[in-house]
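Structure at a glance
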Amino acid sequence: QQQVKQSPQSLIVQKGGISIINCAYENTAFDYFPWYQQFPGKGPALLIAIRPDVSEKKEGRFTISFNKSAKQFSLHIMDSQPGDSATYFCAACSGTYKYIFGTGTRLKVLA
Amino acid sequence: GAGVSQSPSNKVTEKGKDVELRCDPISGHTALYWYRQSLGQGLEFLIYFQGNSAPDKSGLPSDRFSAERTGGSVSTLTIQRTQQEDSAVYLCASSSDMGRDEQYFGPGTRLTVT
């Protein structure tokens, strides 16, 4: 019940295309859902985050869509660029410090 | 300002040896976290510090793993009698307080046990 399931494991997108990464959870106590971006040799960095009182949050080319009833949330990267090539992790948190991370999606954007 | 730093960046050790990994959090951050990232896996929570105390050690995989934090700042993660399955990237993060403040991650220490 503490798991966060992330898919796909890897994704290849053409430059200018839309990248979509999905996550699903079971624990209804989760109330904070961040997405982290990790480049090789670097630690993860917060990209965007959402709370379940809204269904969508947009920051530039990055959008989180949240479906509370389905217990799913997704990251959409519009106009994907080669510089977006990285590993993306979703996570969930239930009111305390403890993040439960997905297994990651390795995104490659072709030039 | 300076971010979270970790040392060493890479560590190769022989099976059975002890290793110490160091984390310097962002100045003023009271909360500190250790995670383990194995190849192709997500981030596995190990331990959390609030100040110098560790209210949650539930993620430590075995009693060979221990961690301490002194002066509310630097933390060390110690792995005794290392095993090959300990090979992973060990990440440290800090945040300004417990709860949902953003966790800032360091670059990690890549540990290889031969």
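In what follows, the accompanying structure is described. (Residues numbered from 1 in each chain as written. Chains lettered and ligands numbered in written order. Predicted model: local features only at pLDDT ≥ 70, side-chain atom pairs only at ≥ 80, totals over all residues. Heavy atoms only, no water.)

Section: the state of the cysteines
- Summed over the entire model, instances satisfying the criterion amount to two disulfides over all chains.
- Note that Cys23 of chain A is cross-linked by a disulfide to Cys90 of chain A, the S-S spacing being 1.9 Å. One quick way to see it: the torsion about the S-S bond of Cys23 of chain A and Cys90 of chain A is about -95°, and its sign makes the bridge left-handed. Residue Cys23 of chain A is found in strand β3 (residues 19-25), and its partner Cys90 of chain A is found in strand β9 (residues 86-93); the two are separated by 67 residues along the sequence. Assigned by exposure class, Cys23 of chain A and Cys90 of chain A land together as buried.
- Covalent S-S linkage joins Cys23 of chain B and Cys92 of chain B, the inter-sulfur distance amounting to 1.8 Å. Its S-S torsion of about -60° marks the bond between Cys23 of chain B and Cys92 of chain B as left-handed, since a negative value means left-handed. Remark: Cys92 of chain B occurs in strand β9 (residues 88-95) and Cys23 of chain B occurs in strand β3 (residues 19-24); sequence separation between them is 69 residues. Just as Cys23 of chain B is buried, Cys92 of chain B falls in that class too.
- Not engaged in a disulfide, the cysteine Cys93 of chain A finds its nearest cysteine sulfur in Cys90 of chain A; these two sulfurs lie 13 Å apart. (Disulfide = S-S within 2.5 Å. Helix = DSSP H or I, 4+ residues; strand = E, 2+ residues; numbered from the N terminus. Buried < 20%, exposed > 50% of the residue type's maximum accessible area, 1.4 Å probe, protein only.)

Observations concerning the packing of aromatic side chains
All names here are of chain A.
- By the definition in use, this model includes 19 aromatic pairs over all chains.
- Between the aromatic rings of Phe33 and Phe66, the centroid separation amounts to 4.8 Å while the plane-to-plane angle is 45°, which identifies the pairing as tilted. Here Phe66 lies in strand β7 (residues 62-67) and Phe33 lies in strand β4 (residues 33-38), a separation of 33 residues in the sequence. By the burial criterion, Phe33 is buried, and Phe66 matches it. (Phe/Tyr/Trp six-rings, centres within 6.5 Å; stacked < 30°, edge-to-face > 60°.)

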